[in-house]
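Working through the structure, step by step
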Amino acid sequence: MAFEDSLAFAQSLDQQDPLAHMRDAFHIPKINGSNEDEIYFCGNSLGLQPKLTSQYLNDELTKWQQLGVKGHFDCEFPWMPYHEFLTEESAKLVGAKPSEVVCMNSLTANLHFLMVSFYRPTQQKFKVLIEDHAFPSDHYAVESQIKFHGFDPDEAMVLLKPREGEECLQLDDILATIDAHANELALIMLPGVQYYTGQVFDMQAIADAAQHHDIVVGFDLAHATGNVVMKLHDWGVDFAAWCSYKYLNSGPGSVAGCFVHEKHHDNADLPRFAGWWGHDKATRFKMENHFIPIQSAEGWQLSNPPILSLAAIRASLDTFKQAGGISALRDKSKQLAAYLRFLLNNRLKNQVEIITPDDQLSGCQLSICINSNKTGKDVFNAIEAAGVTCDWREPNVIRVAPVPLYNTFEDCVRFVDILEASL
Ligand SMILES: *Cc1c(COP(=O)(O)O)cnc(C)c1O
């Protein structure tokens, strides 16, 4: 489509947008107590609150008031199986079978618990492939797992670096590194979407290479779930984990998700850190000492989950469902990102550099570096003061994420107006 750089054109795109009404399903923050909506481009960090959320939370508070412990059983959405009400829609978001996903714990905790089962180093095959500039929590998790097994992280961590002068990793380089270390790699742990650059990784190609060399592959989907379309089951990914407070709009610190491929569900040899919620449901309450894991991703659960957080996730998943699911949202997301990219290039080509790769290799988020006499941090502060919410990531990036559930084409024009004025 030929884009135009004008508010009227942006408004016409919003009028034609079949998902425009979804914005009304969210609470949009206002600028400094005014009546004017913020330009909220921060759904990559904390997604906005769906209007369904308070209703679903209140339902659980009321149930607790009126039923006490009986809220676990005889009522609508009983707490005992509450996590099961999230399974079907969570599975659709990541391209899994329902038996392959479960909502539990937090993201970093899940990475650890999954590595307990899936990072099984031997003296020959003990290395882990990870990015040189992975999200720190992922780096710490991998590093500490390596130490836990008695290996030296300096030797055992194979770090992927972009080429000299480049920000993003090239698929060829990732695959070449896998080939070069194939006999020593026990695990590949990469993001689905990179948090700093917004680059979407070719998860299918990476999973293919991993399977070809008999290496376990896990993905951190913090920035991918609710953002891009995935087929974790078909790709043969071994495990994955994601948080629910970014594109999944389930509230700060809300419970995370995880995926375990069905090929592992009945493998009794896998080590795991077990808890009673992972035990066979039929005999869980016999309170016996012999652990029998549920033969699905649920078998990795430890504790009975925080229901208020799961209620927020259910509200979010219902909102995704109302929008027609992730494929429909992805179509709009591509258009929004393309329009924002067009506006930035049209007006500010010499002053901003978009480091996020084009086309299929980007999701909602564009990562922008400022090339002007002002520092990126100063520009960030100026646009925030003018009604934009986005985020700043050291060393030098402003991340902006137009989210298809609640952002508009008009937001993109207003954002670029403010950015231009601040330069
Ligand atoms: C957001 C994010 C995290 C956050 O981890 P928590 O355990 O939820 O605090 C971890 N890794 C990546 C890649 C992230 O983007």
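First, a word on what this report is: a plain description of the structure on this page. (Residues numbered from 1 in each chain as written. Predicted model: local features only at pLDDT ≥ 70, side-chain atom pairs only at ≥ 80, totals over all residues. Heavy atoms only, no water.)

Taking strand neighbours across the sheet as the criterion, the 7 strands line up as β2-β8-β7-β6-β5-β3-β4 in an open arrangement whose pairing is mixed. The open sheet has two free edges, formed respectively by β2 (101-103) and β4 (157-160), since each of these has just one partner strand. Strand after strand, the sheet turns through a mean of 15° between neighbouring axes, direction not considered. Sheet topology places strand β3 (residues 127-131) next to strand β5 (residues 185-191); 3 bridges connect them, and they run parallel. When the sheet's bridge partners are listed, Val-128 is paired in β5 with Leu-187. (Pairing = 2+ DSSP bridges. Helix = DSSP H or I, 4+ residues; strand = E, 2+ residues; numbered from the N terminus. Axes fitted to C-alpha atoms, helices over the stretch in contact; angles between N-to-C directions.)

Another aspect to go through is the packing of aromatic side chains. Scanning the entire structure with this criterion turns up 20 aromatic pairs. Arranged with centres 5.4 Å apart and planes meeting at 55°, the rings of Phe-41 and Phe-415 form a pair that is tilted. A residue pair is termed long-range when its members are at least 10 positions apart, and Phe-41 in the loop between β1 (39-40) and α2 (52-67) and Phe-415 in helix α13 (residues 409-422) qualify at 374 residues. An aromatic cluster is present here, built from Phe-3, Phe-9, Tyr-339, Phe-342 and Phe-409 joined pairwise through their rings. (Phe/Tyr/Trp six-rings, centres within 6.5 Å; stacked < 30°, edge-to-face > 60°.)

The next thing to look at is the side chain of Arg-272. Relative to the helices and strands, Arg-272 resides in the loop between β8 (257-260) and α10 (307-322). Although Arg-272 is buried, it forms no salt bridge, and the closest oppositely charged side chain is Asp-266 at an N-O distance of 8.9 Å. Side-chain polar atoms of Arg-272 contact the backbone oxygen of Gly-299, separated by 2.9 Å. When near neighbours in sequence (up to four residues on either side) are disregarded, Arg-272 contacts Val-116, Ser-117, Phe-291, Pro-293, Gly-299 and Trp-300. (Buried < 20%, exposed > 50% of the residue type's maximum accessible area, 1.4 Å probe, protein only. Lys, Arg positive; Asp, Glu negative; His and termini not counted. Salt bridge = Lys/Arg side-chain N within 4 Å of Asp/Glu carboxyl O. Polar contact = N/O pair within 3.5 Å; in protein donor to acceptor, adjacent residues only side chain to side chain. Contact = heavy atoms within 4.5 Å.)

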